[in-house]
Amino acid sequence: MTSQPSLAKEDSTPEGPVDSQSGKPGSGHGEGGDGLQAGLKNRHLSMIAIGGVIGAGLFVGSSAGIKAAGPAILVSYALVGAMVVFVMRMLGEMAVARPSSGSFSAYADRALGRWAGFSIGWLYWFFWVVVLAVEATAGADILGKWMPGVPQWGWALIVMVVLTATNLVSVSSYGEFEFWFAGIKVVAIGGFVVIGLLAVFGILPGSDNPGSGFAHLTDAGGFMPNGAGAILTGVLMVVFSFMGSEIVTLAAGESEDPQRAVTKATNSVIWRIGVFYLGSIFVVVTLLPWNDKSIVKDGSYVAALNSIGIPNAGTVMDVIILTAVLSCLNSGLYTASRMAFSLGERGDAPKAFARTTASGVPRTAILGSVVFGFVAVWFNYQWPDDVFEFLLNSSGAVALFVWLVICFTQLKMRGIILREQPEKLVVKMWLFPYLTWITIGMISFVIVYMLYDDAGRKQMLLSLLVAALVLGIAVVREKIRPRPRSDEELTEA
């Protein structure tokens, strides 16, 4: 395979991985290579941006949210969607100005201090390697139903090995796989929304659902059958299904035109969330009464398809969910390895993590991440109710911590960008700094509410415990091995 041009160009503005302290292109220690390389095409980034918000959690977890909040789950999705739009706008502002494989971790390192970049970087890595185990197990469950001759642990091993191999070949192979995985998800959800809306208004030929228009939004106890408080419960149930929107800002560091890719992704996040999340859930709660038993029994999307009369709806959704699972596995391994690479470049992880092959692949970072994923899969089959449950709960709230750090980082990075590279401030957070502070308030409210919620308390407490442990390591490590301050930091001081 022909090697792609390196991103670390002499005497050029940073268009690839950027050193978190100086804002200059990172060196990327190589094993015959010279750092991460621009192997992702614009079409890869576009599809990663579009498909990044569609995870298996949307298909699997939405039924529980509908049961808890009724049609008002739409408000829950809208609130979380707005929060994610604001966070992505902030992240887009920083990523367009300084594309980096470390994304928000590298920006936090520069704006808030090494402790922040170290802590949020390792927490994010931990989140994604646990996700590898979750998704591998979910994929194995589906494949095991189709081909029961192979044990489930065997399928989990197979999908992990295959996707590890694709990530090890080159970044373009990851991008190509993700392009098709994301494409299938996008087409499936888009088709579901179009067909569903036709059925809702009774104009779908051959539909078994008579179509009640908007009647089901209020005909089973009203729009908020379980009270306004259920909207907040719904928020807790759906918030984690939005994790993944930020992947495009990490991948941008290995793209041909990172500024264009991130700008496009940031500007399109509103309609992506509107169509894929709000649009598809709207179809479900208008096709069926929210308390229809089939929503919980079969899953919200399968129940909706069955009501229309789509043959083999369960199998169709299994194929789509398997695609979402493989997509999440593929992106999870990529994301974890690039965060490990960035941490290695900054001296916050073993130096081997920052080494790349001749094709620009951080092989050690990939293998280190997948090994932990394999161990987590083994825990899931060996001790699912204690060790693996601890891993799940202790990483569950990391999404909220990441979003909160992005907000605080953007508050300070705006001034740094204006001072050093004002021409790079192409994407701007709306109503700065007021909307940033409002977003901080929204995320903080969700964190506090989880502590008072019976279902969310354990997850939040364990996540806070792990976060405190990682933060403690970061503080102690900085005192023992302080990193030399950059010229920019000395100037600021």
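Placed above this text is the structure.
Please read all numbers here as calculations on a predicted model, not as lab measurements.

Engineer: Help me understand a nonpolar patch on the surface, please; the structure alone is not making it clear to me.
Structural biologist: On the surface, V194, L197, L198, F201, I203 and F214 cluster together into a nonpolar patch covering about 540 Å² of accessible area. Along the chain, I203 falls in the loop between helix 7 (171–200) and helix 8 (229–238).

Engineer: Can you help me understand the packing of aromatic side chains in this one?
Structural biologist: Each aromatic ring pair is specified by the distance between its two centres and by the angle formed by the two planes. Applying the stated criterion across every chain yields a total of 22 aromatic pairs. On the basis of an interplanar angle of 40° and a centroid distance of 5.9 Å, the ring pair of Y77 and Y277 is categorised as tilted. Placement of Y77 in helix 3 (residues 73–97) and of Y277 in helix 10 (residues 258–287) is noted, with a sequence separation of 200 residues between them. Note on Y124 and W128: the rings are 6.2 Å apart at their centroids and 80° apart in plane angle, and the pair reads as edge-to-face. Taken together, the residues span about one helical turn, with Y124 and W128 both in helix 5 (residues 114–146) at a distance of four residues. Note on accessibility: Y124 and W128 belong to one class, buried. Ring pairs connect the aromatic residues F104, Y124, F127 and W128, which therefore count as one cluster. In this arrangement the basic side chain of R43 is found over the ring face of F179, its NZ or CZ atom lying 4.7 Å from the centre. The ring of F432 carries the charged tip of R414 above its face, separated from the ring centre by 4.2 Å.

Engineer: Got a minute to help me understand the packing of helix 8 against helix 17 (residues 434–452) in this structure?
Structural biologist: In a packed pair of helices, the relevant descriptors are the angle between the two axes and the axis-to-axis distance. Axis separation between helix 8 and helix 17 bottoms out at 10 Å; the angle between their running directions is 100°. Judged by the angle between their axes, helix 8 and helix 17 are roughly perpendicular. On helix 17, the residues that touch G229, L232, T233, V235 and L236 of helix 8 are F445, V446, Y449 and M450. Looking at the contact of helix 8 with helix 17, its residues break down into seven nonpolar, two polar and no charged.

Engineer: Help me understand helix 14 (residues 363–382), please; the structure alone is not making it clear to me.
Structural biologist: Given 3.6 residues per turn, any residue in an α-helix points the same way as the ones three and four places further on. The terminal C-alpha atoms of helix 14 lie 28 Å apart, and with 20 residues this matches the ideal 28 Å at 1.5 Å per residue to within 8%. Among all positions of helix 14, only A365, I366, S369, V370, G373, A376, V377 and N380 are buried. The arc that holds the buried residues of helix 14, viewed along the axis, is 115°, so those residues lie on one side. Contact partners of the buried residues in helix 14: helix 5, helix 6 (152–169), helix 13 (313–345) and helix 15 (387–395).

Engineer: Explanation requested: the environment of L322 in the structure shown.
Structural biologist: Within the element layout of this structure, L322 appears in helix 13. By relative accessible area, L322 is classed as buried at 11%. When residues no more than four places from it in sequence are discounted, the contact partners of L322 are G139, I142, L143 and W146.

Engineer: Explain the packing of helix 6 against helix 13 to me, please; I cannot follow it from the model alone.
Structural biologist: Running from N to C, helix 6 and helix 13 point in directions that differ by 50°, and their axes come no closer than 10 Å. The orientation of helix 6 with respect to helix 13, classified from their angle, is oblique. Where helix 6 crosses over helix 13, the two elements pack in a sense that is right-handed. Facing helix 6, whose interface residues are V159, M160, L163, T164, T166 and N167, helix 13 presents L326, L329, N330, L333 and Y334. Of the residues belonging to the contact of helix 6 with helix 13, the class tally is seven nonpolar, four polar and no charged.

Engineer: Just to check I follow, could you spell out helix 3 for this structure?
Structural biologist: Taking 1.5 Å per residue, 25 residues should reach 36 Å; helix 3 reaches 36 Å between its end C-alpha atoms and fits that length. Of all 25 residues making up helix 3, 21 are buried, and the element is well covered by its neighbours.

Engineer: Please clarify how the side chain of D318 should be interpreted in this entry.
Structural biologist: Mapped onto the secondary structure, D318 falls in helix 13. A relative accessible area of 16% means that D318 is categorised as buried. Here the side chain of D318 touches K145 through a polar contact of 3.2 Å, side chain to side chain. If sequence neighbours within four positions are ignored, D318 has contacts with I142, K145 and W146.

What counts, and where the lines are drawn
- Residues numbered from 1 in each chain as written.
- Predicted model: local features only at pLDDT ≥ 70, side-chain atom pairs only at ≥ 80, totals over all residues.
- Heavy atoms only, no water.
- Patch = residues over 30% accessible without salt bridge, like charges linked within 9 Å, V, L, I, M, F, W, Y side chains within 5 Å.
- Areas by Shrake-Rupley, 256 points an atom, 1.4 Å probe, with all protein chains shown as cover.
- Salt bridge = Lys/Arg side-chain N within 4 Å of Asp/Glu carboxyl O.
- Helix = DSSP H or I, 4+ residues; strand = E, 2+ residues; numbered from the N terminus.
- Phe/Tyr/Trp six-rings, centres within 6.5 Å; stacked < 30°, edge-to-face > 60°.
- Buried < 20%, exposed > 50% of the residue type's maximum accessible area, 1.4 Å probe, protein only.
- Lys NZ or Arg CZ within 6 Å of the ring centre and 35° of its normal.
- Axes fitted to C-alpha atoms, helices over the stretch in contact; angles between N-to-C directions.
- Parallel < 35°, antiparallel > 145°, perpendicular 65-115°, else oblique.
- Contact = heavy atoms within 4.5 Å.
- Nonpolar A, V, L, I, M, F, W, Y, C, P; charged D, E, K, R; others polar.
- Expected span 1.5 Å × (residues − 1).
- Arc of directions from axis to C-beta.
- Left-handed = near helix turned anticlockwise from the far one by under 90°.
- Polar contact = N/O pair within 3.5 Å; in protein donor to acceptor, adjacent residues only side chain to side chain.

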